[in-house]
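The primary structure of each chain is shown beneath.
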Amino acid sequence: MDVFYRESPNAPPDAPVMVHLHGFGLSGRYLLPTAERLADEYRTYVPDLPGFGRSWRAPRALDVPGLAQTAARFLDDRGVERATLVGNSMGCPVITEFAYSFPDRIDRAILVSPAGGVYNQPLMGAITQLARDGGREPKRMLRVAVPDYLKFGIPSTVRMFRSLTRYPSYERLLALRIPTLAVVGDRDPLMPPPAIVREVATNTDNHVVLVVIEGAAHAINFSHPDELAHVIRLFMADKPIVDDPDLPGLAHVEEVHRSPHHPPVSDT
């Protein structure tokens, strides 16, 4: 199958690999603002998963396990043994399935606005949440999202939503045994309120750091790339995640939970 992807041109040859996985109905284009800010530090890939964007389109859309298998085959094709995976929305269940199926091939998981669970059911409820989110995203997001959604189509939307609702997202999340960063926005209508997310995080025996970006909605990779890239850098260095006062805008970054199982905080 043909997979369209973007690759960083300037990363050092020995730089760790970072792969960015997109959300429901979209291509990888809206992930580029964050990926580009990290491209000089990591060997970066931003693919369009099969059935999305400019990649090969199967007669029937792949389910979550199928997309995770494809991500592994993509890494095989690029000669990559291990990588850190960064996902947004639907990309997060794909990452947890990848970690479940290929635990020796993932270094860290970065889950941005993870979606597809009970809170996003039924389909009409999820569509309502997406419509609300559209009004909270930057207007320039429309130029990226609308063509992608129209190309993805209604039949694929129904099949992919069915796959997401059948996928054991919560169980796979609890099964993660690698350093995991979860980033949510306090204006995201597709996510439970941050207080509930924090309660779930603190009640799990997982290697997770939970961060809230105040002022962000669902597509954080597009709307708040500076803040998200800043958070990712600190997480990758095992440093406390604090706000960067030099970043423009009104968004505020706050680490609200760090599991005792996560690697110790580095002072360097």
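The following paragraphs examine the structure supplied in this document. (Residues numbered from 1 in each chain as written. Predicted model: local features only at pLDDT ≥ 70, side-chain atom pairs only at ≥ 80, totals over all residues. Heavy atoms only, no water.)

**A word on the overall build of the chain**
Okay, so step 1: The number of helices and strands found in the chain is 10 helices and 8 strands.
Okay, so step 2: Radius of gyration (C-alpha) of the chain: 17 Å, near the 18 Å computed for a compact globule of 268 residues.
Okay, so step 3: Its C-alpha atoms put the chain at 50 × 40 × 35 Å along the principal axes.
Okay, so step 4: Counting the 268 residues in the chain, one finds 54% classified as buried.
Okay, so step 5: For the chain, the computed accessible surface area is about 12,200 Å², with 55% contributed by carbon and sulfur atoms.
Okay, so step 6: Side chains of the chain give 28 positive and 32 negative charges; the mean places of these two sets differ by 8 Å. (Helix = DSSP H or I, 4+ residues; strand = E, 2+ residues; numbered from the N terminus. Rg over C-alpha atoms; globule rule 2.2 N^0.38 Å. Buried < 20%, exposed > 50% of the residue type's maximum accessible area, 1.4 Å probe, protein only. Areas by Shrake-Rupley, 256 points an atom, 1.4 Å probe, with all protein chains shown as cover. Lys, Arg positive; Asp, Glu negative; His and termini not counted. Charge placed at Lys NZ, Arg CZ, Asp CG, Glu CD.)

**A word on the packing of aromatic side chains**
Okay, so step 1: Summed over the entire model, instances satisfying the criterion amount to 6 aromatic pairs.
Okay, so step 2: Judged by centre distance (5.3 Å) and plane angle (50°), the ring pair of Phe98 and Phe102 falls under tilted. As far as the burial class goes, Phe98 and Phe102 line up, both buried.
Okay, so step 3: Grouped by ring-pair contacts, the aromatic residues Tyr5, Tyr45 and Phe74 constitute a single cluster. (Phe/Tyr/Trp six-rings, centres within 6.5 Å; stacked < 30°, edge-to-face > 60°.)

**Remarks on the environment of Arg73**
Okay, so step 1: Of note, Arg73 is situated in helix H2 (residues 64–77).
Okay, so step 2: Given the relative accessible area of 52%, Arg73 is considered exposed.
Okay, so step 3: Sequence separation of Arg73 and Met1 is 72 residues, and the distance between their C-alpha atoms is 10.0 Å.

**Structural notes on the side chain of His224**
Okay, so step 1: Looking at where His224 falls in the secondary structure, it is placed in the loop between helix H9 (220–223) and helix H10 (225–236).
Okay, so step 2: Taking relative accessible area as the criterion, His224 reaches 13% and is therefore assigned buried.
Okay, so step 3: A polar contact is formed between the side chain of His224 and the side chain of Ser223, at a distance of 2.7 Å.
Okay, so step 4: For His224, the contacting residues outside a window of four places in its chain are Ile213, Gly215, Ala216 and Ala251. (Polar contact = N/O pair within 3.5 Å; in protein donor to acceptor, adjacent residues only side chain to side chain. Contact = heavy atoms within 4.5 Å.)

**Overview of the nonpolar core**
A general trend in soluble globular proteins is that nonpolar side chains are found buried together.
Okay, so step 1: In this structure, Val19, Met90, Phe98, Ile106 and Met160 are the most contacted members of the largest nonpolar core, which totals 34 residues.
Okay, so step 2: Elements with a minimum of two residues in this core: strand S2 (17–21), H2, strand S4 (83–88), helix H3 (91–101), strand S5 (106–112) and helix H6 (154–166).
Okay, so step 3: Per-element accounting of this core gives the leading share, 7 residues, to H2.
Okay, so step 4: Counting residues in each nonpolar core, the second largest holds 23 residues, with Leu38, Val209, Ile220 and Leu234 among its members. (Core = buried A, V, L, I, M, F, W, Y, C linked by side-chain atoms within 4.5 Å.)

**Some words on a nonpolar patch on the surface**
Okay, so step 1: A contiguous nonpolar patch, built from Tyr170, Leu174, Ile196 and Val200 and spanning about 320 Å² of accessible area, is present on the exposed surface.
Okay, so step 2: Looking at where Ile196 falls in the secondary structure, it is placed in helix H8 (residues 194–202). (Patch = residues over 30% accessible without salt bridge, like charges linked within 9 Å, V, L, I, M, F, W, Y side chains within 5 Å. Salt bridge = Lys/Arg side-chain N within 4 Å of Asp/Glu carboxyl O.)

**Focus: H10**
Okay, so step 1: In this model, H10 (12 residues) spans 16 Å end to end at C-alpha, consistent with the 16 Å of a helix rising 1.5 Å per residue.
Okay, so step 2: Of all 12 residues making up H10, 10 are buried, and the element is well covered by its neighbours.
Okay, so step 3: Buried residues of H10: Pro225, Glu227, Leu228, Ala229, His230, Val231, Ile232, Leu234, Phe235 and Met236, and no others.
Okay, so step 4: In the stretch just after H10, Asp238 is the one whose phi turns positive, near 55°. (Expected span 1.5 Å × (residues − 1).)

Such coordinate-based values are descriptive only and should not be taken to indicate function.
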